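Single-letter residue listing:
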Amino acid sequence: MTSQAMTPSHERGLETISAVLPAGATIHAWTKARHGGAVGRLTAHVDGDPPITVETSNRHEFEFRVLTLESAGETDFSYDPVTTQVSVLYAFLQPGVLEKGIRMLHVGSSNVAPEISGGYHFRPPFGWMNDPNGFGRFGGRVHLFYQHYPHSLRWNNMHWGHAVSDDFLHWTHLPIFLPPSDELAARADGRGGAFSGSAIALPGDEAGFRIFFTEHMKDRKPEEQVQFTATSRDLVSVEPASLILPARPAGLGLTTDFRDPYVFMGPDDKWKMLLGTRDREGGVILLYETDDPAAATGWTFLGVLHRENRFGMTAAECPCMVPLDGPVNDPSTRWALIFGLLTSRDPATGRRNMTLATVGRFDGRSFSVEFEQELDFGTDAYAFQAFVDDSGPVGIAWLANWTDVSKDIDMATAMTLPRRLALHEGALITPPVAGVESLRQRRLDAYGLLDGRAVDLANGAVEILLTLQQAGNAFRLTFEHPEAAVEVLLNDDGLSIPFSVANAKVSPRYIAAGARPSTVRIFLDAGSIEVFADHGRWTGTKRLPGFSGVSSARLIAPQGNLLTAEIWQLGL
């Protein structure tokens, strides 16, 4: 079933959504009552069959219902807009859904995805999205789960959205995977839900995977945040979840932050779990392990794996850990521990919510740090999550930053380009996955860049590759954007993304201080810029406002500083 929006028709005061659907189609519907005392009703009717009706009296939040069609044919979904509101309606066939995905039938005006011309970044088909979750390869495909609120473009009670890909770039949207608990699902007050987590394959020859996630419930006593696990054997639906960690470790003076379980195989052939938290000094990452080969039970606390105190009382969150340069069980293998620091602020640049990458050796119980660097100097590659794929570690991040999020303003977001992780000349590099070259559709005229002329970038979905005559040669690449002033600048201070919007009180300085690259690769899309210098030795990601692409670029550089410039139009 391919995605396809359907246009409602009007009949006798009813809204009717019509589609030709096959026998056995499963329908997922979210409805709510418009006002107190009225019952919201959605009726599905296939010619010749009795109608199927689902009802709700909840006027505060959309309630989830499942309908199954017994026969094929023209199907009408009808509801009275005076009494009933429909947020999301989609259909799918359980056999083949991993290949064909869901077919969109209806999305409300408040949660419809923005129309973007030629975009190539992952975006949800509707609603709000933040952290990537459960990123991994299961059943031969890459699965991406994500923090999701289906019913508006603002954060609220968290679900897990779900998509699959064969190449990290072309994604098939699947049914919503994990809803919040029944208690939270009945409300729309942002009290919590199924927060971030990870996934591992089921042991042996079992098909499917096991997920781990935090359930958050605001003001719950004694713990707002606890850890759950659940399995999926068909790679699409989830079985009931089980509580595995009901409380924070005692005696450490931790805040109520206790979230984002990341599970991975350690060098001692035991499953490990990282959790983020904080104390009065700073961010803290906790380490757990289990002897259970299925990782379902028996989780015990080993101790504090790592802490970061330089930015004050900031919460470490979304930790992940992957081996970089050798087998998991080789003591000489270096590991990357990557985590975000919520509410952190860099006093030198004003950037917020930093993401750090620490590299060292891990023996299953302790982590010996050899060096540390920022993951992304643009800071809009947050909640980074990685796994070890067949060709090595691959990660992806939320292309946004909590600094930009408002409770009052819609902000549809995207994921970054997926990135490889490797060690190179004593640094962690994070270049985009090799498959991004497949996005190149045609070359654009780049000669104008070297001549200092403005070059038209069509819809703004482009890749620009600059090769410098000598490492660190200065240049300024300016872009025409309808809502922001944005550039890429290389000078004696380093590599930066000068960025500002009108009437902003302050504009942080997005800079990789001291960087002197030889090549700079820039990916532009509606709503974003990603900069990869020297194959990802320095990476900078910045969300751009709105959904109009950069329309043109102009290069300013001393004569002879640049050797070549190339531009490609990109698209899926």
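Throughout this document, residue positions are counted from 1 along each chain, in the order its sequence is written. For this predicted model, a pLDDT threshold of at least 70 governs which residues receive local features, and a threshold of 80 or more governs which side-chain atom pairs are given and counted, while totals over whole chains, interfaces and linings are taken from all residues. Hydrogens and water are ignored here; the side-chain numbers use all heavy atoms of the structure.

Draft legend 1. Quick look at the overall build of the protein. Secondary structure is summarised from DSSP: a helix means a run of H or I of at least four residues, a strand means a run of E of at least two, and numbering begins at the N terminus for each. Scanning the protein from terminus to terminus reveals three helices and 43 strands. Relative to the globule expectation of 25 Å for 572 residues, the C-alpha radius of gyration of the protein, 24 Å, shows essentially globular dimensions. Structurally, the protein occupies a C-alpha span of about 75 × 60 × 45 Å along its principal axes. Between buried and exposed lies partly exposed: a residue is buried under 20% and exposed over 50% of the maximum accessible area for its type, with that area taken using a 1.4 Å probe on protein chains only. The 572 residues of the protein split such that 58% are buried. When checking whether two residues touch, look at their non-hydrogen atoms; a contact exists if any pair is within 4.5 Å. Summarising the internal contacts of the protein: among those between residues at least 6 apart in sequence, 61% fall at separations of at least 24. Here, Shrake-Rupley sampling with a 1.4 Å probe gives the accessible areas, and only protein chains in the shown set may cover a residue. Accessible area for the protein stands at about 22600 Å²; split by element, carbon and sulfur atoms hold 49% of it. Between the two quantities, the radius of gyration covers C-alpha atoms and the globule rule is 2.2 Å times the number of residues to the power 0.38.

Draft legend 2. How the structure looks around the sheet that holds strand S16 (residues 225-232). Here a strand pair is declared whenever DSSP counts at least two bridges between the two strands. Sheet architecture is open: four strands sit in the order S14-S15-S16-S17, paired in antiparallel fashion. Each edge of the open sheet carries a strand with a single partner, namely strand S14 (192-201) and strand S17 (242-245). When strand polarity is set aside, the average angle formed by the axes of neighbouring strands in this sheet is 35°. Where strand S15 (residues 209-217) lies against S16, eight bridges are found, and the strand directions are antiparallel. The convention used is that axes are lines fitted to C-alpha atoms, helices contributing only their stretch in contact, and that angles between N-to-C directions extend from 0 to 180 degrees.

Draft legend 3. Representation of the sheet that holds strand S41 (residues 538-543). A sheet is described by the order of its strands in space; here six strands give the open sequence S31-S43-S33-S39-S40-S41, paired in antiparallel fashion. A strand with exactly one partner marks an edge of an open sheet, and here the two such strands are strand S31 (440-444) and S41. Strand-to-strand, the axes of this sheet are offset by a mean angle of 20°, without reference to chain direction. In this sheet, S41 lies alongside strand S40 (residues 528-533) in antiparallel orientation, the contact comprising six bridges. Bridged to Ser-528 within S41 is Arg-543.

Draft legend 4. Summary view of the pairing of strand S26 (residues 382-389). Buried residues dominate S26, accounting for seven of its eight residues. Relative to strand S27 (residues 392-398), S26 runs antiparallel, the two sharing six bridges. The residue of S27 that forms the bridge with Tyr-382 is Trp-398. Linkage of S26 to S27, two consecutive antiparallel strands, is achieved through a turn of two residues.

Draft legend 5. The arrangement of the nonpolar core in detail. Buried Ala, Val, Leu, Ile, Met, Phe, Trp, Tyr and Cys residues that are joined via side-chain atoms within 4.5 Å together make up what is termed a nonpolar core. If you look at the biggest cluster of nonpolar residues, it comprises 37 residues, and the most contacted ones within it are Ile-464, Phe-475, Leu-477, Phe-479 and Ile-522. Put simply, the parts of the chain that give this core at least two residues each are strand S33 (462-468), strand S34 (475-480), strand S35 (485-491), strand S39 (519-525), S40, strand S42 (552-556) and strand S43 (562-570). At four residues, S33 tops the list of elements feeding residues into this core. Sequence-distant contacts of Ile-464, that is, excluding residues within four places in its chain, are made with Leu-449, Leu-477, Phe-479, Val-520, Arg-521, Ile-522, Leu-524, Glu-566 and Ile-567. Counting 29 residues, the second-largest nonpolar core is a separate cluster that includes Trp-335, Phe-339, Val-359 and Phe-384.

Draft legend 6. Structural context of the packing of aromatic side chains. Two rings from Phe, Tyr or Trp (for Trp, the six-membered ring) form a pair when their centres sit within 6.5 Å of each other. Planes less than 30 degrees apart are called stacked, planes more than 60 degrees apart edge-to-face, and all others tilted. Applying the stated rule across the entire model yields 27 aromatic pairs. Centre to centre, the rings of Phe-212 and Trp-299 are 6.1 Å apart; their planes meet at 85°, and the pair counts as edge-to-face. Highlighted residues: Phe-212 in strand S15 and Trp-299 in the loop between strand S20 (283-290) and strand S21 (300-308), separated in sequence by 87 residues. Take Trp-299: its relative accessible area is 9%, and that puts it in the buried class. In textbook terms, an aromatic cluster arises when at least three aromatic residues are bridged by ring pairs, as seen for Phe-138, Phe-145, Trp-160, Phe-177, Phe-209, Phe-213 and Phe-228. Whether a charge sits over a ring comes down to the Lys NZ or Arg CZ being within 6 Å of the ring centre and within 35 degrees of the ring normal. Note that Lys-32 overlies the ring of Phe-62, its terminal NZ or CZ placed 4.8 Å from the centroid. Between the NZ or CZ atom of Arg-440 and the centre of the ring of Trp-568, over which it lies, the distance is 3.7 Å.

Draft legend 7. Inspection of the state of the cysteines at higher detail. The criterion for a disulfide is a pair of cysteine sulfur atoms lying within 2.5 Å. Counted under the stated rule, the structure contains zero disulfides. With no disulfide of its own, Cys-318 has Cys-320 as its nearest cysteine by sulfur position, at a separation of 9.1 Å. On the basis of relative accessibility, which here comes to 0%, the residue Cys-320 falls in the buried class.

Draft legend 8. Spatial organisation of the confidence of the model for the protein. What pLDDT expresses is the predictor's confidence in each residue, scored from 0 to 100. Averaged over all residues, the pLDDT of the protein equals 94, while 98% of them reach at least 70. Contacts from residues 1-10, a stretch scored under 50 in pLDDT, to residues over four places away or in other chains number 35 contacts.

Draft legend 9. Broad picture of the pattern of salt bridges. Salt bridges, as used here, are contacts in which a Lys or Arg side-chain nitrogen is within 4 Å of a carboxyl oxygen on Asp or Glu. This model, assessed by the stated rule, comprises 39 salt bridges. When the shortest N-O distance is used, the salt bridge between Glu-317 and Arg-259 registers 3.0 Å. Here Arg-259 lies in strand S18 (residues 259-265) and Glu-317 lies in strand S22 (residues 315-323), a separation of 58 residues in the sequence. Residue Glu-317 shares its accessibility class with Arg-259, and that shared class is buried. Among the charged side chains, a salt-bridge network with shared partners connects Asp-268, Lys-270, Lys-272, Glu-289, Asp-291 and Arg-365.

Draft legend 10. Structural detail: the pairing of S40. The buried fraction of S40 is high, at six of six residues. In S40, alternate side chains face the same way, and those of Ser-528, Glu-530 and Phe-532 on one face and Ile-529, Val-531 and Ala-533 on the other are all buried. As judged from the six bridges shared by S39 and S40, these two strands associate in the antiparallel manner. Following the sheet pairing, Phe-523 is matched in S40 by Glu-530.

Draft legend 11. Examining a nonpolar patch on the surface more closely. A cluster of nonpolar side chains, contributed by Leu-252, Phe-301 and Val-304, occupies part of the molecular surface with about 220 Å² of accessible area. Within the fold, Leu-252 resides in the loop between S17 and S18. In this scheme, patches are assembled from residues that exceed 30% relative accessible area and form no salt bridge. Like charges are connected within 9 Å, while nonpolar side chains (Val, Leu, Ile, Met, Phe, Trp, Tyr) are connected within 5 Å.

Draft legend 12. View of the side chain of Asp-260. For Asp-260, the position within the fold is in strand S18. In contact with Asp-260, other than residues within four places in its own chain, are Ser-196, Thr-214, Gln-227, Leu-274, Leu-275, Glu-317, Cys-318 and Pro-319.

Draft legend 13. View of the environment of Ile-52. The residue Ile-52 is located in strand S5 (residues 52-56) in this model. Exposure remark for Ile-52: the relative accessible area of 31% places this residue in the partly exposed category. Residues Ile-52 and Asp-279 lie 227 residues apart in sequence; the distance between their C-alpha atoms is 53 Å. When sequence neighbours within four positions are dropped, the list of residues in contact with Ile-52 reads Leu-42, Thr-43, Ala-44, Leu-67 and Thr-68.

Draft legend 14. Spotlight on the environment of Pro-498. Take Pro-498: it is sitting in the loop between strand S36 (494-496) and strand S37 (499-500). Residues Pro-498 and Arg-476 lie 22 residues apart in sequence; the distance between their C-alpha atoms is 9.9 Å. Leave out the neighbours within four places in its chain, and Pro-498 touches Ala-485, Val-486, Glu-487, Val-488 and Leu-489.

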